[in-house]
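# Examining the three-dimensional arrangement
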Amino acid sequence: MILLPCPWCGPRDASEFGHVGESSPRPDPAAASPAQWRSYLYLRANTCGWVAETWYHRLGCRRFIKVERHTETNETRESRQPRLQPAADAGSPAQQARAASG
Amino acid sequence: MSQLAIGRSGSRSGSYPARYSAAGLIRRGLSHKEWPPAWRPHPVKPSYDVVIVGGGVHGLAAAYYLAANHGITDVAVLDKGYIGAGGSGRNTAILRSNYLTPEGVRFYDRSVRLYQRLAADLDYNVMFSQRGHLTLAHNDSSLRTMRWRAEVNKLEGVDSEVIGPAEIKRLAPFLDLSDAARYPVLGALYHPPGGIIRHDAVVWGYARGAAARGVHIHQHTEVTGIDVTGGRVRAVRTTQGDIATRTVLNATAGWSTLIADMAGVRLPVTTYPLQAAVTEPVKPFLSTVIVSGSLHVYISQTDRGELVFGASVDPFTSYSMRGSLEFIEGLAGHVLELMPALSKVRLLRQWAGLCDMTPDFSPIMGPTPVGGFLVDVGWGTYGFKAGPVSGEAMADCIASGQSPEIIAAFGLERFTAGALVGEKGAAAVGH
């Protein structure tokens, strides 16, 4: 069983999540050449080792989260940047709980 | 050490490589003499004309056809494990050519034809059983795709047709064809030339045929780097020493990105594990290969009576080859939807192999922007059935310096040109 550290719900079974995978910055469609656009669409690093990737917690908080995972051993750890968008709030519930207990 | 011992007894017998025959089989059986080795190990030379990375069916077939069709014998096949340790020994050994695009159908049809005469070509029993292949349709959209596939297949001269439940019942009486099933069977694409083969025998047969023509097969030799200067391949670094060469073929599955990275070539590949399982042997009752896209499962019965189950790829990318309990639970449920009579059959084991998925579910074959670095990768869940035709085409590509017609549509440049070959509707069960 693989547990993913959801910053909102805590550790949950990987089967609750949809795998979005590696993402790269989207080029500006107006400025990118067809070759650049297709590289963005199709080429992947497909790293063998630690990656920071996106998952969707479809059977939980229904948020997109960042998780670090080793693609050969499937070990997981919390990403240093768990949310895709920086927010002005005090952090996720899990982070708040840790801050309160620590 | 055992390899050396085998090598010595082989040279002693004086008949290396042995020609297999019925008379030889009887003689060996009566005399209890050990069989001579199928091929001889060699030390790694400092240079080769061609270095093939990956000792699976693709790499070994390319080496065999380089030697047999083009007379290029200064070839090394490298594998970090033993030959056939990767996808070639982990697939479910199903062969078929009922694809969706004309390019795909022509390509896989050539492969089935090469497989049909492979035992004679290699003097090695590959146990090809053309028992027929049924792809079940559980909904209108699958049935529509199957009609489309059948028409494309017929135009390309491939035996393929859509049949109804009555005909399915005759071919596979153990299937639950009642209306009460959760996913009732509406029809099927029937492909009589499809079947199963002994995948290890294909690997060993190609290895033996290539080695007999002078190819060196180096097992447990991992590639650690590829030297590229001036936009051309110069050498391959391995755990057994450096090899100077001007031509490298990346024929790996699962690790194709890592090998391509060494040469500085980016690939549109993501690697997923695919799990399979096998049951205890039971009496022969299943004479065709059964595939259900909706249920993500394919089933065949081996010559030993075991039922081999395969599925779609795992739900996330990984280089891990560990099985999961979720998979086996899901698989068992899906198999029982199709064949409720199997509820008491026990599973013997499960395993996983790595699949390099491409965006269009077609392979990537031919030259790359780096001179002398060729790829035969991106084989997703359909690489084994294409082994012979890929080997033949890549050998042609290496010998002539350009992609032959049969693989022209599968070049790496199609992703920058936007000319994809969409095979998702026929290549995968998990969509």
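So, here is what we can say about the structure in this document. Owing to the predicted nature of the structure, the values given are computational and were not obtained by experimental measurement.

Another point: the overall build of chain A. Counting its regular elements, chain A contains two helices and six strands. Taken across its 102 residues, chain A has 35% of its residues classed as buried. For chain A, the share of sequence-separated contacts (at least 6 apart) that also reach a separation of at least 24 residues comes to 46%. Here chain A displays about 6,100 Å² of accessible surface, and carbon together with sulfur accounts for 52% of that area.

Moving on: the overall build of chain B. Of regular secondary structure, chain B possesses 14 helices and 19 strands. Since a compact globule built from 431 residues should have a radius of gyration of about 22 Å, the 22 Å found for chain B is in line with a globular shape. Referenced to the eigenvectors of the C-alpha coordinate spread, the extents of chain B come out at roughly 65 × 60 × 40 Å. Out of the 431 residues in chain B, the part that is buried amounts to 56%. Considering only contacts in chain B between residues 6 or more positions apart, those separated by 24 or more positions represent 76%. Accessible surface for chain B amounts to roughly 17,700 Å². Of this, 53% is attributable to carbon and sulfur atoms. The positive charge centre, built from 40 side chains, and the negative charge centre, built from 36, are 7 Å apart in chain B.

All names here are of chain B. Here we have three strands laid out as an open sheet, ordered β9-β10-β11, and antiparallel in their pairing. Each of the sheet's edge strands pairs with one partner strand only, and the pair in question is β9 (223–229) and β11 (241–244). In this sheet, adjacent strand axes meet at a mean angle of 20° when their direction is disregarded.

Where side chains of opposite charge bring their charged atoms close, a pairing between them can arise. Residue and element names in this part refer to chain B. Counted under the stated rule, the structure contains 20 salt bridges over all chains. Of the charged contacts in the structure, one is a salt bridge between R237 and D242, with a shortest N-O distance of 2.8 Å. Judged by relative accessible area, which is 35%, R237 ranks as partly exposed. Here D242 falls in the partly exposed class, since its relative accessible area comes to 44%.

What follows deals with the interface of chain A and chain B. Contacts between the two partners involve 19 residues from chain A, matched on the other side by 22 residues from chain B. Across the chain A/chain B interface, buried area totals approximately 1,700 Å², and carbon plus sulfur atoms make up 56% of it. Among the residues of chain A in contact with chain B, A:Y42, A:L43 and A:N46 are the three that bury the most area, contributing 36% of the side total. Along the contact surface separating chain A from chain B lie zero salt bridges. Where chain A touches chain B, the interface holds ten residue pairs in polar contact (both at pLDDT 80 or more).

All names here are of chain B. Strands sit in the order β5-β6-β4-β14-β15-β16-β13-β17 across an open sheet of eight strands; the sheet is mixed. Each having just a single partner strand, β5 (161–163) and β17 (347–357) make up the two edges of the open sheet. Each adjacent strand pair in this sheet contributes to an overall mean axis angle of 20°, direction not counted. Relative to strand β16 (residues 307–313), strand β13 (residues 270–279) runs antiparallel, the two sharing four bridges. Residue V278 lies in a different strand from β16, and its bridge partner there is V308.

Now for the environment of A:N74. Tracing the chain through its elements places A:N74 in the loop between β5 (64–70) and β6 (76–83). Its relative accessible area of 14% is what places A:N74 among the buried residues. Sequence-wise, A:N74 and A:W50 are 24 residues apart; in three dimensions their C-alpha atoms are separated by 9.1 Å. Not counting residues within four places of it along the chain, the set of residues in contact with A:N74 comprises A:I2, A:R69, B:F316, B:S318 and B:S320. At a separation of 2.7 Å, a polar atom in the side chain of A:N74 contacts the side chain of A:R69. Among the polar contacts listed, one links the side chain of A:N74 to the side chain of B:S318, at a separation of 3.3 Å.

So, about the nonpolar core. Residues and elements named next belong to chain B. Ranked by size, the top nonpolar core spans 67 residues in total, and within it I52, F107, V202 and Y206 carry the most contacts. Among the elements that line this core, the one with the most residues is helix α3 (residues 57–70), at nine residues. In contact with Y206, not counting residues within four places along its chain, are V57, L60, A61, Y64, Y65, L118, L122 and P388. The next biggest cluster of nonpolar side chains, apart from the first, holds 27 residues, and it includes L175, F309, V335 and L342.

Our next topic: helix α11 (residues 325–338) of chain B. Residues and elements named next belong to chain B. With 14 residues, α11 should cover 20 Å at 1.5 Å per step; its first-to-last C-alpha distance of 20 Å lies within 8% of that length. Residues of α11 that are buried include every one of F327, I328, L331, V335 and L338, and no others. The buried side chains of α11 occupy one side of the element, clustering within an arc of 90° when seen end-on. Those residues of α11 that are exposed and angled more than 90 degrees off the buried face are L325 and E329. Tucked into the core, α11 has its buried residues touching β4 (133–137), β13, β14 (289–292), β15 (297–301), β16 and β17. Two or three places before F327, at the opening of α11, S324 has a side-chain oxygen 3.3 Å from that residue's backbone nitrogen.

The rules behind these values
Residues numbered from 1 in each chain as written. Chains lettered and ligands numbered in written order. Predicted model: local features only at pLDDT ≥ 70, side-chain atom pairs only at ≥ 80, totals over all residues. Heavy atoms only, no water. Helix = DSSP H or I, 4+ residues; strand = E, 2+ residues; numbered from the N terminus. Buried < 20%, exposed > 50% of the residue type's maximum accessible area, 1.4 Å probe, protein only. Contact = heavy atoms within 4.5 Å. Areas by Shrake-Rupley, 256 points an atom, 1.4 Å probe, with all protein chains shown as cover. Rg over C-alpha atoms; globule rule 2.2 N^0.38 Å. Lys, Arg positive; Asp, Glu negative; His and termini not counted. Charge placed at Lys NZ, Arg CZ, Asp CG, Glu CD. Pairing = 2+ DSSP bridges. Axes fitted to C-alpha atoms, helices over the stretch in contact; angles between N-to-C directions. Salt bridge = Lys/Arg side-chain N within 4 Å of Asp/Glu carboxyl O. Buried area = accessible area lost by both parts, 1.4 Å probe. Polar contact = N/O pair within 3.5 Å; in protein donor to acceptor, adjacent residues only side chain to side chain. Core = buried A, V, L, I, M, F, W, Y, C linked by side-chain atoms within 4.5 Å. Expected span 1.5 Å × (residues − 1). Arc of directions from axis to C-beta.

Everything listed is a geometric property; what it means functionally is a separate question.
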